[in-house]
Amino acid sequence: MDLLQRRLARFAAARGWGPYHTPKNLAVALSVEAAELVEIFQWLTPEQSARVMEEPESAHRVADEVADVLAYLLQFCEVLGVDVLDALAAKIERNELRFPVKEDRTSDRHSSE
């Protein structure tokens, strides 16, 4: 992950993009790229969405948008000094406490918070 962050930082620096890579701009770009990923699935049924990677053209689009989302997320974390893996581990730990495993799984609710 660190190698990718450094590579992205070198890529942006070589093009003089540093002044534009503010937390706000990177958050906006991340949101736009996430919306482009959502757009691929917008009118698909749940069944169609589960098979999206079976078609080479849609699989390529999905992979490209996933890469864009991850690239902007990594750049955002680099600018703010957030260790993305530490942040994720801490969030999983909080969610394990917040949503303990229950014996009766019929009433499970899911949240991405």
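Residues numbered from 1 in each chain as written. Predicted model: local features only at pLDDT ≥ 70, side-chain atom pairs only at ≥ 80, totals over all residues. Heavy atoms only, no water.

J.: Help me out: how do you make sense of helix α5 (residues 84–98) in this one?
T.: Think of an α-helix as turning once every 3.6 residues; residues three or four places apart then point the same way. Taking 1.5 Å of rise per residue, 15 residues should cover 21 Å, and α5 covers 21 Å from first to last C-alpha, within 8% of that figure. Near the N-terminus of α5, the side chain that reaches the backbone nitrogen of L85, with its oxygen 3.0 Å away, is that of D83. (Helix = DSSP H or I, 4+ residues; strand = E, 2+ residues; numbered from the N terminus. Expected span 1.5 Å × (residues − 1). Polar contact = N/O pair within 3.5 Å; in protein donor to acceptor, adjacent residues only side chain to side chain.)

J.: Would you mind showing me how to read the environment of P23 here?
T.: Looking at where P23 falls in the secondary structure, it is placed in helix α2 (residues 23–41). If near-sequence neighbours (up to four positions away) are discounted, P23 is found in contact with F76, V79 and L80. (Contact = heavy atoms within 4.5 Å.)

J.: Would you mind going over the packing of aromatic side chains with me for this structure?
T.: Each aromatic ring pair is summarised here by two numbers: the centre-to-centre distance and the angle between the ring planes. Applying the stated criterion across every chain, the model contains one aromatic pair. Where F11 meets W17, the ring centres are 5.5 Å apart and the plane angle is 70°; that geometry is what we call edge-to-face. A cation over a ring is seen here: R15 above F11, with NZ or CZ 3.5 Å from the ring centre. (Phe/Tyr/Trp six-rings, centres within 6.5 Å; stacked < 30°, edge-to-face > 60°. Lys NZ or Arg CZ within 6 Å of the ring centre and 35° of its normal.)

J.: Just checking my understanding: could you explain the packing of helix α1 (residues 2–14) against helix α4 (residues 56–80) for this structure?
T.: Pairs of packed helices are described in terms of their axes, by the angle between the two and the distance that separates them. Closest axis-to-axis distance for the α1/α4 pair is 9 Å, and the angle between their directions is 85°. The orientation of α1 relative to α4 falls into the category roughly perpendicular. Across the interface between the two elements, L4, Q5, L8 and A12 of α1 pack against A71, L74, Q75, C77 and E78 of α4. (Axes fitted to C-alpha atoms, helices over the stretch in contact; angles between N-to-C directions. Parallel < 35°, antiparallel > 145°, perpendicular 65-115°, else oblique.)

J.: I keep staring at a nonpolar patch on the surface and nothing clicks. Help me out?
T.: Taken together, the side chains of M1, L4, L70 and L85 make up a nonpolar region of the molecular surface, amounting to roughly 350 Å² of accessible area. Examined against the element boundaries, L4 turns out to sit in helix α1. (Patch = residues over 30% accessible without salt bridge, like charges linked within 9 Å, V, L, I, M, F, W, Y side chains within 5 Å. Areas by Shrake-Rupley, 256 points an atom, 1.4 Å probe, with all protein chains shown as cover. Salt bridge = Lys/Arg side-chain N within 4 Å of Asp/Glu carboxyl O.)

J.: Explain a negative patch on the surface to me, please; I cannot follow it from the model alone.
T.: Taken together, the side chains of D2, E78, D83 and D86 make up a negatively charged region of the molecular surface. As for its placement among the helices and strands, D2 is situated in helix α1. The exposure class of D2 is partly exposed, given its relative accessible area of 49%. (Lys, Arg positive; Asp, Glu negative; His and termini not counted. Charge placed at Lys NZ, Arg CZ, Asp CG, Glu CD. Buried < 20%, exposed > 50% of the residue type's maximum accessible area, 1.4 Å probe, protein only.)

J.: Is there a simple way to think about the packing of α2 against α4 in this case?
T.: The geometry of α2 relative to α4 is characterised by a closest axis approach of 9 Å and an angle of 160° between their N-to-C directions. The pairing of α2 with α4 is recorded here as roughly antiparallel in orientation. Along this stretch, α2 crosses α4, giving a crossing that reads as left-handed. Side by side, α2 and α4 meet where P23, L26, A27, A29, L30, E33, A34, E36, L37, I40 and F41 of the first sit next to R61, V62, E65, V66, D68, V69, Y72, L73, Q75, F76, V79 and L80 of the second. (Left-handed = near helix turned anticlockwise from the far one by under 90°.)

J.: For this particular structure, what's the right way to read α2?
T.: With 19 residues, α2 should cover 27 Å at 1.5 Å per step; its first-to-last C-alpha distance of 28 Å lies within 8% of that length. Considered for burial, the residues of α2 that qualify are L26, A29, L30, E33 and I40. Each buried residue of α2 sits inside an arc of 105° when the element is viewed along its axis, so together they form one side. In this structure, α2 carries K24 and V38 as exposed residues pointing more than 90 degrees from its buried face. Those residues of α2 that are buried lie in contact with α4. (Arc of directions from axis to C-beta.)

No statement about biological role is implied by the geometric values presented.
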